[in-house]
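Each chain, written out:
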Amino acid sequence: MIRYMIVQNVLHRPLRTFITVLAVAVEVTLVIIVVGLTSGLLAESAKRIEGVGADIMVQPPQASYLMAFSGAPMPIAIADKLAQLEYVQAVAPVLTQFNTSGIEIVYGIDQQSFHAVTGGFVFHQGHDLQGPNDILVDDVYAKSKNIKLGQTLQLFGHDFHVAGIVEHGKGARLFVFLSTLQEIGGSHDKASVFFIKCDRTDNTPAVTDEIKDLLPRYEVRPLKDLMTLMTSSNLPGLAAFINVMIGIAVVIGFLVIFLSMYTTIIERTREIGVLKSLGASKGYIVRIVLSETTLLCIGGAVAGVGLSYLMSAIFIKLFPTLTILITALWVLRAGLIAIVGGLLGAAYPAWMASRKDPVEALAYE
Amino acid sequence: MLKATRIFPSSDSLTLEGERLLEPILKTENLWKVYRQGKVEVPALRGVSIDIFPGEFVSIMGPSGCGKSTMLHVIGGLAQATSGRVLLDGNDLTTMSDSARTLLRRHKVGFVFQRFNLLPTLDAYHNITLAQHIHGNGFDPHRFQVVADLLGLSGRLKHKPSELSGGEQQRVALARAIVSEPKIVLADEPTGNLDTKSSEAVLNLLRQLNQDLGQTIVMITHNPEAAAYGHRVLHMRDGEVVDGSSVH
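A. Highlighting the environment of A:Ser179. All names here are of chain A. Inspection of the secondary structure assignment puts serine 179 in helix α6 (residues 178–185). Under the relative-accessibility criterion, serine 179 is labelled partly exposed at 45%. Along the backbone, serine 179 and isoleucine 211 are 32 residues apart, and their C-alpha atoms lie at a distance of 25 Å.

Okay, structure coming up:
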């Protein structure tokens, strides 16, 4: 009976229902897309770093997993020390630079050592870096920016010549000579990260320990664990950002449901009086209000999931280098967040409805 | 104190004057209801004492503002009395909590209002079964059918209130009031919003409910013709029952 009543109530005011469901859907979409974008960014970065093919990554003290946001670079001379360690097959120093105009990381590489660690690029077109102004771009970047072999690409106020288009997945999407990037950034003889290839994967723990002894304060990370480390909860800044966005979404949902149910209760004052005259308890009336809220929130959550996939498809179409990771866990969480926020928003209107004086409610015009 | 008359609801209208044979289903003793308007106290009921017996159909008449609606709200447990006693089927409403009065309304009282007060989103069928749902004993198809047939609603059950005439809406409201077999039906100007023909139909139905089902009914009205459908009429003025002996 209550189910029939709330369905009829929801259908009785289609515009109000539509607006409420839409607002909850936007709330759910906000959560799913924000989390999807950050998770996507992390997962994609991790995947690309793993794609380098190294076993260990050495970074300066307190550096972030996200290399673009790392601190001061390290002296490049460290590479020689690392190369002399037992079981180390190759060491590739890389200087990273964040290109703010395209929101991309550029790797400055020493081609020989980088090839030794990664096994070399797979070329779609063109050839290795030859001149100081040469640049390699990966196929995803080339496609999204419509970049052709041989064209000029401006980065950091510097004109680069596109020497090759390579298969994606080797750490970054753009590669230039280490010396060129050092010059541009004024960081002579510096590197942001050392990728280390061990002679055998089994020796990774031993080499990790050796490096930790050699460079006690430095961040030494076996890349096998990188994917699991690259979660928002391991990045305090991102976790806080996600929490703030979820907070905003909950507040939106809370306010929309509060307003919607508050006006509904006012509008239905006489009906509440009728229910009370029939002997409906406070709990019965609260149950009706909260059930209706739950139905609206579930409708909003379902619409929100659909809207998230739609938005995700539109974003990917517009910005092909973006990765949006929509997981079942976060779809479920976003739905629950919407329902809990909605129920909190409906709590006061429900309480208000249950406490209405029946005589006054029946006299309501 | 009124000298109440016991009237059997059967068609024989066997009337026993003098000593009562039954306990009243509703009894008020020196009932007061005082409203506060700022610092001013406005008494709506001033020491009302009445007895209503099982199977009676009693009309309460009086001019606007005489306290008859307040009386209906208090004896139906919708409003709390300021002082005095209200005994409904042996339960003293004046000592009850709000939730206890809610429970009592659910099981013992059926209301009919001037403005029908049907839920606009529900069709006639669900407006009626809502009362059974709140009552908590589940849907009783037999009782429902008896009531729907008696009130001539069988062909109109799938219609929403906006698709029904005033007379039909009031018949649905009547069905809702009696479907859970209340001890007493309290009707507040049930014909106040109806034309003459529909009013007559509703009043005849009330009489029929009283006669066929033995339903105790208290009806408020300002219309003497409507009041005449009851077994007796209580006249109210300025919050008091001034005459309660009229018997038809």
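B. Expanded view of the packing of aromatic side chains. All names here are of chain A. Evaluation of the coordinates by the stated rule reveals 13 aromatic pairs over all chains. Note on tyrosine 107 and phenylalanine 114: the rings are 6.4 Å apart at their centroids and 90° apart in plane angle, and the pair reads as edge-to-face. Comparing tyrosine 107 with phenylalanine 114 shows no difference in burial state: the two are buried. Ring centres of phenylalanine 114 and phenylalanine 121 lie 5.8 Å apart, and the angle between their planes is 35°; this geometry places the pair in the tilted category. Residues phenylalanine 114 and phenylalanine 121 agree in their burial class; the two are buried. Ring pairing ties together the aromatic residues Tyr107, Phe114, Phe121, Phe123, Phe175 and Phe195, which thus form one cluster. In this arrangement the basic side chain of arginine 333 is found over the ring face of tryptophan 330, its NZ or CZ atom lying 4.7 Å from the centre.

C. Focus on the pairing of strand β5 (residues 57–61) of chain B. Residues and elements named next belong to chain B. Counting buried positions along β5 gives five out of five residues, so the element sits mostly inside the fold. Residue alternation in β5 divides its side chains into two sets, Phe57, Ser59 and Met61 and Val58 and Ile60, and both sets are buried. Summarising the sheet, β5 and strand β10 (residues 216–221) pair through five bridges and their orientation is parallel. Residue pairing for β10: phenylalanine 57 is matched across the bridge by isoleucine 217.

D. Quick look at the pairing of strand β3 (residues 26–37) of chain B. All names here are of chain B. Where β3 and strand β4 (residues 40–52) come together, ten bridges link them in antiparallel fashion. Counted as the bridge partner of tyrosine 35 is valine 42 from β4. Where β3 folds back onto β4 in an antiparallel hairpin, the turn is made up of two residues, including glycine 38, whose phi is positive at roughly 70°. Bridging between β3 and strand β6 (residues 83–88) involves five bridges; their strand directions are antiparallel. Looking at the pairing, glutamate 29 lines up with arginine 85 of β6.

E. Region of the structure containing the packing of helix α2 (residues 14–51) of chain A against helix α11 (residues 282–318) of chain A. Residues and elements named next belong to chain A. Here α2 crosses α11 at 50°, and the two axes come no closer than 6 Å. Taken together, α2 and α11 sit at an angle that is classed as oblique. Here the hand of the crossing between α2 and α11 comes out right-handed. Each residue belonging to the contact of α2 with α11 can be placed in one class, and the counts come to 14 nonpolar, eight polar and two charged.

F. Main features of the confidence of the model for chain B. Residues and elements named next belong to chain B. In this model, chain B carries a mean pLDDT of 85, and residues with pLDDT of at least 70 account for 90%. When the criterion is pLDDT under 50, residues 1–19 qualifies, and its contacts beyond four places in sequence or with other chains add up to 35 contacts. Two summary scores accompany this predicted model of the complex, namely pTM at 0.76 and ipTM at 0.86.

G. A look at helix α3 (residues 124–135) of chain B. Residues and elements named next belong to chain B. Between its terminal C-alpha atoms α3 stretches 17 Å, which fits the 16 Å expected from twelve residues at 1.5 Å a residue. In terms of burial, α3 is largely enclosed, as ten of its twelve residues are buried. In the stretch just after α3, glycine 136 is the one whose phi turns positive, near 95°.

H. Spatial organisation of the pattern of salt bridges. Taken as a whole and judged by the stated rule, the model has 15 salt bridges over all chains. Note that A:Arg200 and A:Asp202 form a salt bridge whose closest N and O atoms lie 3.2 Å from each other. The residues A:Arg200 and A:Asp202 share a single accessibility class, namely exposed. The residue B:Asp89 makes a salt bridge to B:Lys108 at a minimum N-O spacing of 2.8 Å. Placement of the pair is B:Asp89 in the loop between β6 and β7 (91–92) and B:Lys108 in helix α2 (residues 98–108), with a sequence separation of 19 residues. With a relative accessible area of 28%, B:Asp89 lands in the partly exposed category.

How each quantity is defined
- Residues numbered from 1 in each chain as written.
- Chains lettered and ligands numbered in written order.
- Predicted model: local features only at pLDDT ≥ 70, side-chain atom pairs only at ≥ 80, totals over all residues.
- Heavy atoms only, no water.
- Helix = DSSP H or I, 4+ residues; strand = E, 2+ residues; numbered from the N terminus.
- Buried < 20%, exposed > 50% of the residue type's maximum accessible area, 1.4 Å probe, protein only.
- Phe/Tyr/Trp six-rings, centres within 6.5 Å; stacked < 30°, edge-to-face > 60°.
- Lys NZ or Arg CZ within 6 Å of the ring centre and 35° of its normal.
- Pairing = 2+ DSSP bridges.
- Axes fitted to C-alpha atoms, helices over the stretch in contact; angles between N-to-C directions.
- Parallel < 35°, antiparallel > 145°, perpendicular 65-115°, else oblique.
- Left-handed = near helix turned anticlockwise from the far one by under 90°.
- Nonpolar A, V, L, I, M, F, W, Y, C, P; charged D, E, K, R; others polar.
- pLDDT = per-residue confidence, 0-100.
- Contact = heavy atoms within 4.5 Å.
- Expected span 1.5 Å × (residues − 1).
- Salt bridge = Lys/Arg side-chain N within 4 Å of Asp/Glu carboxyl O.

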